[in-house]
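So you can see what is in the structure, the chains are spelled out below.
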Amino acid sequence: MDDLVERILNGQNQDGGWGFLPGKSSNTECTSLCVLALDSLGTKQPVASTKRGLDWLLRHQRAEGSWPLNDSSVDASWTTALAMIALNRFPGQQLQMKTASDWLLKQEGRTPGILARLIGAFMTPSNAVALNPDLKGWAWVPRTFSWVEPTSYALIALKQTRTAVGTKILAERIQQGELMIYDRMCNGGGWNYGNSKVFGEALWPYPDVTAVALIALQDHQASQANQESLTALRRMMRETDSGLALCWGTICLSIYGVETSQWKRQIEKRYQDTGFLGEIKTLALSLIASVDDAKAFRV
Amino acid sequence: MISRRSFLKYSTLASVIPFVDGCSESQKWRAEAYRKQRSSQVAIVQALRYDLSLREIITKGVRLCGLEVKGKTIVLKPNLVEFDPGGVINTNPLVIEAAIDCFRTLGARQVLVAEGPGHRRDNEYLLAASGIYAVIKEHRVAYVDLNTDDIRPTRLLSSFTKLEQLYLPETLYNADLIVSMPKLKTHHWAGVTLSLKNMFGVVPGSVYGWPKNILHWKGIHNSILDINSSLPVRQFAIVDGIVGMEGNGPLQGEAKESGVLIFGKDLVAVDATAARLMKIEPKKIKYLAQAGEFLGNVNHEKIEQIGENLDRLQKDFQVIEEFQDLKTLT
C-alpha cells in the first residue's frame, strides 16, 4: 500500500490535480478518484496532498455547478458526478454541492425525436437494439443518449446527497435512472456500456461497468437482478486479467458485504505484473479497494 | 403505400437536410480539406496466413506505395474495439508486430501504437486479451490510450456534423504519420468499417464517452467525414484482410478468410478498393461516396491497382439484410 500511495503522490501535478498518467494534464475524473483514495487512508492520509487535490476540484467548478473534464475541454462534463462524490467526503462544501446537484438534476439523456423514431422504425429491424429509449438516465455528453456508466455515477452522487437536498424531482430522477440501468442489463446479469443486444444477438457484460452499476444500485441488494449481476461480476473477475476490473469489482463486493481478501490478493498480484500500466485512475481505485469499508461509494 | 426501400432513400435524404442549412454540397468542406488527387495508387498484396513473414509482405506494400518513413514519428492505429475469444474483431497483433518491425527497419525515428477503444474503458484488459500487450512489451513500443491522452480543440475542416470542432489527442499533433490499420469488416450501421471508419478511435472517450455517442447522434457517416477531413497528421492505411469479418460486423460477424493486405496513401481509395474486394459497391456507402468528392478517389478508373489483381482476389462478403443493396456492384 505504501508503494501505491507513493505513486499517487508522485503523480500529483503542480496544480494539485492528477492526470490519466503521471505528467499528463490534470482532469476531474482522476483528481476526484485520487482525492477519494487519499481520504480513504483516514488519519494516515497525506493531508496537504489531499487538500491540494480538493482545491483543484473547487477551483474548477463552473459557475452553473458542473465540472469540465480538464483545462483543455472546458465544457460541462460527465465527470461532475465524480467530483460531487469526492466533495461529499469533506464537510463545508454545501454551496458547491447544492449547485452541482441542481446542475446534475437538470441533465437528462436525450431521447430520439419523432423524425428519428420514424426513420428508425423503417430503417432498422425491430431487433436492432433491445432497450427502452424513453427511460432517461445521464449521458456522457450533455444532450445526448443515456448510458450506464454516467448514469451510475450520477445515481451514486445524488443518492449520497439525497438527505441534504431531498426533493420530489430528485426521487423521480433516481427512480428513472435505476429503471434505465435495469433495462440495459445483459442476459444472465451484468452490464456493458449500455446495450444488451444488437440484431437479436446478446452482447456480453463488462466487469468494471457491472461493478459501477451495482454500486449505484446498492440500495436494492436483495433484488434478483442485483444478485444475478453479482454472480456475473464474480465470474468475470475470475476470468478478466485487469486491475481496473478487479478494483471496481472489489469495491462493489465490499459494499455488498462479500469477503474480499482473495480479490485484494489478486489486485496485488496484478499490480506486481503490470503496475496497472501506470494508469492513475486504477492506482487510486486500488487504494480505495484496499480499504475495508469502501465508504467513498456508499450511499 | 411507400415501400421500405423507397423510404430508406427518402429518409437518407431527410437525414442530410438538417446539415445543409441552405448551403450547397460543395460548401460542406473548406478548401484546406480538399486533398483528392487526380488518381491514387492502392496496393493489394496477397498474404494467405498470419504465420507467414508479414514483415516482408508489409515492407513490399509500403514500398509499392512509395511511402517515405525515414526519420518520421509514426503512429500505428489498429482497430481494437472489443475482445471476443472466438471472434475476429481486432487487427491481428501479428500484423501490428510486422508493421512495427517494418517501419523501424525502414528508418522511422519512433513507432507508437495508439488506439481509443470505442466500447470498453478497460485498456489493460483489451491489450492483454487481444495479444497486443505482448507485442508492445516484446518490442518495447510505447502505447498511447487515445481515449485519455491530453487533448487539443481542433477546428473541423468540413461541416457534415455541424460540430465546428472536435477534441483530438495531442499524440496526433506530435506525429508525422498515422497509419490506420483496420480489419476488413462489414458494419451493421455503416455498411463497411475500414481505414476511414477506424479513425473513430482517435476521438477521446474521456470527452465523448464510451460509446462515443455524440458521433452517432451526429450521424456515423457525417462523423467519419469530419474526423478524416480534419486530422492534423498525414495518413496511410494498411488493411488487415488476411481474415476479415462478414455479416453482423463489427463485433458479431463471421470470420471470412480473404488472404490480403491492402495499402495506400489515399484512405478513400484504399477503402473503395477494400469494399470492392468484399464485392460491396463503395459508391453506395454514403460516407465513401461523399469522401470521394473531396478527400480521395472512389471511382475505380481513378484508382491504380498495384500489386495483385483485384478481380482475382475478390471474396463475396455477406452483409445484413438492410445492406443487400450494397452488393450490387456498378
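Note that the structure is predicted; figures quoted are calculated from it, not measured. Each chain carries its own residue numbering, running from 1 in the direction its sequence is written. Chains and ligands are labelled by the order in which they are written, letters from A for the one and numbers from 1 for the other. With pLDDT at 70 or above as the cut-off, local features in this predicted model cover only qualifying residues; side-chain atom pairs require 80 or more to be listed or tallied, and sums for whole chains, interfaces and linings still use all residues.

As for the overall build of chain B
Filter applied, for reference: Only runs of H or I of at least four residues qualify as helices and only runs of E of at least two qualify as strands under DSSP, and these elements are numbered from the N terminus. Using C-beta atoms placed from the backbone, we call a residue buried if 20 or more other C-beta atoms fall within 10 Å of its own, exposed if 12 or fewer do, and partly exposed for counts in between.
Across its full length, chain B holds twelve helices and twelve strands. Principal axes of the C-alpha set define a box for chain B whose edges measure 60 × 45 × 40 Å. Residues classed as buried in chain B amount to 57% of the 330 residues present.

Here's the deal with the interface of chain B and chain A
Stated formally: Contact between two residues is assigned when their C-beta atoms, built from the backbone, lie within 7 Å. Each residue receives one of three labels: charged for Asp, Glu, Lys and Arg, nonpolar for Ala, Val, Leu, Ile, Met, Phe, Trp, Tyr, Cys and Pro, and polar for the others, Gly being one of them.
Of the residues lining the interface, 33 residues belong to chain B; the matching set on chain A comes to 34 residues. Ranked by the residues each element gives to the side of chain B that touches chain A, the list is headed by helix α1 (residues 4-20) of chain B, at six residues. Among the residues making up the side of chain B that touches chain A, the classes are represented as 15 nonpolar, eleven polar and seven charged.

Here we look at the confidence of the model for chain B
Residues and elements named next belong to chain B. Put simply, the rule is: For every residue, the pLDDT score states the predictor's confidence, bounded by 0 at the bottom and 100 at the top.
In the predicted model, chain B carries a mean pLDDT of 91, and the fraction of residues at 70 or more is 92%. Under a pLDDT of 50 for its full length, residues 1-24 has, in the predicted model, 17 contacts with residues more than four places off or in other chains. Quick note on the complex model: pTM equals 0.92, ipTM equals 0.93.

Focus on unusual backbone geometry
Residues and elements named next belong to chain B. The residue after Trp210, namely Pro211, is reached through a cis peptide bond having omega 5°. Position of Pro211 among the secondary structure elements: in the loop between α7 (205-208) and α8 (213-217). In this chain, Gly249 is followed by Pro250 through a cis amide linkage whose omega measures 15°. Locating Pro250 in the fold gives a position in the loop between β10 (234-246) and β11 (254-264). Backbone geometry places Lys279, a non-glycine residue, at a positive phi of 60°. Secondary-structure assignment places Lys279 in the loop between α10 (267-277) and α11 (286-294).

Points about the pairing of strand β3 (residues 110-115) of chain B
Short version of the rule: Consider the strands pointing away from the viewer: the crossover is right-handed when the path from the first strand over the helix to the second runs clockwise.
For β3(B), the buried fraction is high: five of the six residues fall into the buried class. This β-α-β element, strand β2 (residues 73-78) of chain B to helix α3 (residues 93-105) of chain B to β3(B), shows right-handed connectivity.

Regarding the environment of Tyr208(B)
With respect to the helices and strands, the residue Tyr208(B) is situated in helix α7. Residues Tyr208(B) and Tyr167(B), 41 residues apart in the sequence, show an inter-C-alpha distance of 9.0 Å. When near neighbours in sequence (up to four residues on either side) are disregarded, Tyr208(B) contacts Trp140(A), Val141(A), Val203(B), Ile214(B) and Leu215(B).

A few points about the packing of helix α4 (residues 80-87) of chain A against helix α5 (residues 94-106) of chain A
All names here are of chain A. The line we're drawing: Comment: axis = line fitted to C-alpha atoms, over the contacting stretch for helices; angle = value between 0 and 180 degrees taken between N-to-C directions. Should an angle lie under 35 degrees it is considered roughly parallel, over 145 roughly antiparallel, and from 65 to 115 roughly perpendicular; all remaining angles are considered oblique. Helix crossings get a hand from a simple test, with the near helix turned counterclockwise from the far one by less than a right angle marking a left-handed crossing and a clockwise turn marking a right-handed one.
Orientation of α4 relative to α5, taken along the N-to-C sense of each, is 150°, at an axis distance of 10 Å. As the angle between them shows, α4 and α5 are arranged roughly antiparallel. Viewed along their axes, α4 and α5 form a crossing whose handedness is left-handed. On the side of α4, the interface is formed by Thr80, Ala81, Ala83, Met84 and Leu87, while α5 contributes Gln96, Met97, Ala100, Trp103 and Leu104. Grouping the amino acids of the contact of α4 with α5 by side-chain chemistry returns eight nonpolar, two polar and no charged.

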